[in-house]
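Read off the chains here:
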Amino acid sequence: MTSTFEFGLDTFGDVTTAADGQLLAQPQVIRNVIEEAVLADRHGIDFFGIGEHHRKDFAVSAPEIVLSAIAARTERIRLGSAVTVLSSDDPIRVFQRFSTLDAISNGRAEVILGRGSFIESFPLFGYDLSKYEELFEQKLDLFSELVTKDVIDYEEDWRPPLKDQRIYPPIGDGQLKTWIGVGGSPESVIRAVRHDMRLMLAIIGGNPQRFVPYVDLYKKASEQAGRPAREVGVHSPGYIAENDEEARRDLFPHFKKIRDRLGRERGWPPVTERDFDNEIEHGSLYAGSPETVAKKIVNLVRTLGISRFQMKYSAGPMEHEKLMNSIALYGTKVIPLVRSMLAQP
């Protein structure tokens, strides 16, 4: 497991604060995200993912363009979305953007497809929110064809038919590495199996133990489909500092700001410091010293049997410099500790 296990970082391009406490302009945040990815590549991190959003608290609405800028300045790190909201996009254009990224990066592109937990893209691009599930299912069917076939014959009611159609540019070698992001429904797990795609579990709160049945379902359904299960990954939030006290002191005010802001939109109660501590100690918040975070990741790997962990390192308006330090500690301290612990019987 230690030789194949991968470590990733995810960001939504959260709008961060400057030294004076004022929010940075979104263009500067995007430039900072590029620098964060370059640092991740320098420290040997395996994957860097950028989420798609269309709101004032997240700066990145076009992840593929930012990822292409990163590709031009990096050597080995794999690059992908976290996630691409396929329901409100065109599957062919999504494939073309990622096949272009794959060419620029010399084969390092991936895509994580999802329905999205934010709904701003639906009215923005003229889609009916009542068709949230239907749109994703229809477009995923076509995307699966694009990934697996060179020539497309496709006919469904939601779009004009395609006949003997080739899509350009093609992937240079093999297939585009494709994941389905799953928030916790058995139907989504079965969907990933049906399309023979990798499974990325978005575990953003609570004890990850509750996701064991989903991993078991994925493996069992793959076996019933007559093929081995593909990789399973986990996306969860985290932050690393020199020691546990510093990590909690740095993170809590920013964690509370973003959770309370989203909570007001979704009817959640305000986050307390006790809630925050409980997520670190018993839930899915990977915050603390390198040793603390490493132990928590090892426990996750042994609980779920995953092959990749992606830490959502951006933390609301937390300063870019602190995020850079967290990335450096993840690469230089956490990853070696996890590999060492996993190598032990």
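Above this text you will find the structure in question.
Quick caveat, the model's predicted, so the values are computed rather than measured.

(A) Region of the structure containing the nonpolar core. Grouped together as the largest cluster of nonpolar side chains are 95 residues, with contacts concentrated most on Phe48, Phe143 and Tyr330. Sort the elements by how many residues they give to this core and helix α11 (residues 320-343) lands first, with nine residues. In contact with phenylalanine 143, other than residues within four places in its own chain, are Leu86, Pro91, Val94, Phe95, Val111, Leu113, Leu176, Thr178 and Met197. By size, the runner-up hydrophobic cluster in this structure holds five residues, among which are Phe58, Phe118, Ile258 and Leu262.

(B) Main features of the environment of leucine 329. Mapping leucine 329 onto the fold places it in helix α11. Not counting residues within four places of it along the chain, the set of residues in contact with leucine 329 comprises Ile240, Ala241, Glu242, Pro290 and Val334.

(C) Representation of the pattern of salt bridges in the model. Applying the stated rule across the entire model yields 28 salt bridges. Between glutamate 6 and arginine 308 there is a salt bridge, with the nearest N and O atoms lying 2.8 Å from each other. Residue glutamate 6 is found in strand β1 (residues 6-11), and its partner arginine 308 is found in strand β12 (residues 308-312); the two are separated by 302 residues along the sequence. Close ionic contact of lysine 322 with aspartate 250 constitutes a salt bridge, the shortest N to O distance being 3.4 Å. Highlighted residues: lysine 322 in helix α11 and aspartate 250 in helix α8 (residues 244-266), separated in sequence by 72 residues. With relative accessibility at 32%, the residue lysine 322 sits in the partly exposed group. The structure contains a network of salt bridges with shared partners spanning Glu6, Arg78, Glu110, Lys177, Arg198, Glu231 and Arg308.

(D) Representation of helix α10 (residues 290-304) within the structure. Look at α10: 21 Å from first C-alpha to last across 15 residues, which is about the 21 Å you get at 1.5 Å a residue. Where α10 is concerned, the buried positions are Pro290, Val293, Ala294, Lys296, Ile297, Val298, Leu300, Val301 and Leu304. On its buried side, α10 packs onto α7 (212-224), β10 (232-240), α9 (273-282), β11 (286-288), β12 and α11. One or two residues past the end of α10 sits glycine 305, with phi positive at roughly 65°.

(E) Broad picture of the packing of helix α6 (residues 186-194) against α7. It is at 9 Å that the axes of α6 and α7 come closest, and there the two elements cross at 35°. Crossing handedness for the pair α6 and α7: right-handed. Each of Pro186, Val189, Ile190, Ala192 and Val193 in α6 lies in contact with α7, whose residues at this interface are Tyr214, Leu217, Tyr218, Ala221 and Ser222. Residue composition of the contact of α6 with α7, grouped by class: nine nonpolar, one polar and no charged.

(F) Fine view of the layout of surface pockets. The computed volume of the largest pocket comes to approximately 1,000 Å³. Around the largest pocket, the lining is made up of 43 residues, and of these Phe12, Ser117, Phe118, Ile204 and His235 lie nearest the centre. For the lining of the largest pocket, the elements supplying multiple residues, two or more each, are β5 (110-114), β8 (177-182), β9 (198-202), β10, α8 and β12. It is α8 that contributes the most residues to the lining of the largest pocket, six residues altogether. Put simply, the second largest pocket is a space of about 250 Å³. Lining the second largest pocket are 15 residues, with Leu146, Lys149, Asp150, Pro170 and Ile171 sitting closest to its centre.

(G) Up close: empty space enclosed by the protein. All told, the structure shown has one cavity of 30 Å³ or more when counted by the stated rule. Looking at the largest cavity, its volume works out to about 50 Å³. Around the largest cavity sit Thr11, Gly13, Asp14, Thr16, Val29, Asn32, Val33, Glu36, Ser314 and Leu323, which together line it.

(H) Representation of the pairing of β8 in the model. With five of its six residues buried, β8 lies for the most part within the structure. By the bridge criterion, four bridges tie β5 to β8 in an arrangement that is parallel. Among the inter-strand pairings, valine 111 is bridged to a residue of β8, identified as threonine 178. In this sheet, β9 lies alongside β8 in parallel orientation, the contact comprising four bridges. Its bridge partner lying in β9, isoleucine 180 is registered against leucine 199. With α6 bridging β8 and its parallel neighbour β9, the resulting β-α-β unit is right-handed.

(I) Summary view of the packing of aromatic side chains. On inspection of all chains with the given rule, the structure shows twelve aromatic pairs. Considering the side-chain rings of phenylalanine 5 and phenylalanine 7, the 5.0 Å spacing of their centres and the 80° angle between planes classify their relative orientation as edge-to-face. Each member of the pair, phenylalanine 5 together with phenylalanine 7, is buried. Lysine 296 extends its terminal NZ or CZ atom over the ring of tyrosine 286, reaching a point 5.2 Å from the ring centre. One residue, arginine 308, lies across the ring of phenylalanine 47, its end atom 4.4 Å from the ring centre.

(J) Main features of the packing of α8 against α9. Interhelical geometry of α8 versus α9 gives an angle of 120° and a closest axis separation of 11 Å. The orientation of α8 with respect to α9, classified from their angle, is oblique. By crossing handedness, the relation of α8 to α9 is classed as right-handed. Residues Arg248, Leu251, Phe252 and Phe255 of α8 form the contact with α9, whose own contacting residues are Glu273, Phe276, Asp277, Ile280 and Glu281. Classifying every residue of the contact of α8 with α9 gives five nonpolar, no polar and four charged.

About the cut-offs
- In this numbering scheme, every chain counts its residues from 1 along its sequence in written order.
- Owing to the predicted nature of the model, reporting of local features is limited to residues with pLDDT of at least 70; listing and counting of side-chain atom pairs is limited to 80 or more, with chain, interface and lining totals taken over all residues.
- As a rule here, side-chain values come from all non-hydrogen atoms in the structure, and water together with hydrogens is ignored.
- As used here, the term nonpolar core means buried Ala, Val, Leu, Ile, Met, Phe, Trp, Tyr and Cys residues forming a set that is joined through side-chain atoms within 4.5 Å.
- Burial here depends on accessible area, computed with a 1.4 Å probe over protein chains only, as a share of the maximum for the residue type. Under 20% is buried, over 50% is exposed, and the range in between is partly exposed.
- To qualify as a helix, a DSSP run of H or I must reach at least 4 residues; to qualify as a strand, a run of E must reach at least 2; elements of each kind are numbered from the N terminus.
- Whether two residues touch is decided by their heavy atoms; if any such pair falls within 4.5 Å, the residues are in contact.
- A side-chain nitrogen of Lys or Arg and a carboxyl oxygen of Asp or Glu constitute a salt bridge if their distance falls within 4 Å.
- The span expected for a helix works out to 1.5 Å for each residue beyond the first.
- Fitted lines through C-alpha atoms serve as axes, helices being fitted only where they are in contact, and the angles separating the N-to-C directions of these axes extend from 0 to 180 degrees.
- Throughout, a crossing is termed right-handed when the near helix is turned clockwise from the far one, and left-handed when it is turned anticlockwise from it by less than a right angle.
- Each residue gets one of three labels, nonpolar for Ala, Val, Leu, Ile, Met, Phe, Trp, Tyr, Cys and Pro, charged for Asp, Glu, Lys and Arg, and polar for the others, Gly among them.
- Within this scheme a cavity is a closed region of a 1 Å grid, computed over the protein atoms alone, that accommodates a 1.4 Å probe without allowing it to escape, whereas a pocket is open but has protein on both sides within 12 Å along at least five of seven lines; lining residues each have an atom within 4 Å of a point.
- Grid points are joined across faces, edges and corners, and a volume is the space filled by probe spheres set on the points.
- At least two DSSP bridges between two strands are needed for those strands to be called paired.
- With the strands aimed away from the viewer, a crossover counts as right-handed if its path from the first strand over the helix to the second runs clockwise.
- Each Phe, Tyr or Trp ring, with Trp reduced to its six-membered ring, pairs with another whose centre is within 6.5 Å; inter-plane angles below 30 degrees give stacked pairs, above 60 give edge-to-face pairs, and intermediate values give tilted ones.
- Over a ring means this: the NZ of a Lys or the CZ of an Arg is within 6 Å of the ring centre and within 35 degrees of the ring normal.
- Should an angle fall under 35 degrees it is called roughly parallel, over 145 degrees roughly antiparallel, and 65 to 115 degrees roughly perpendicular, with every other angle called oblique.

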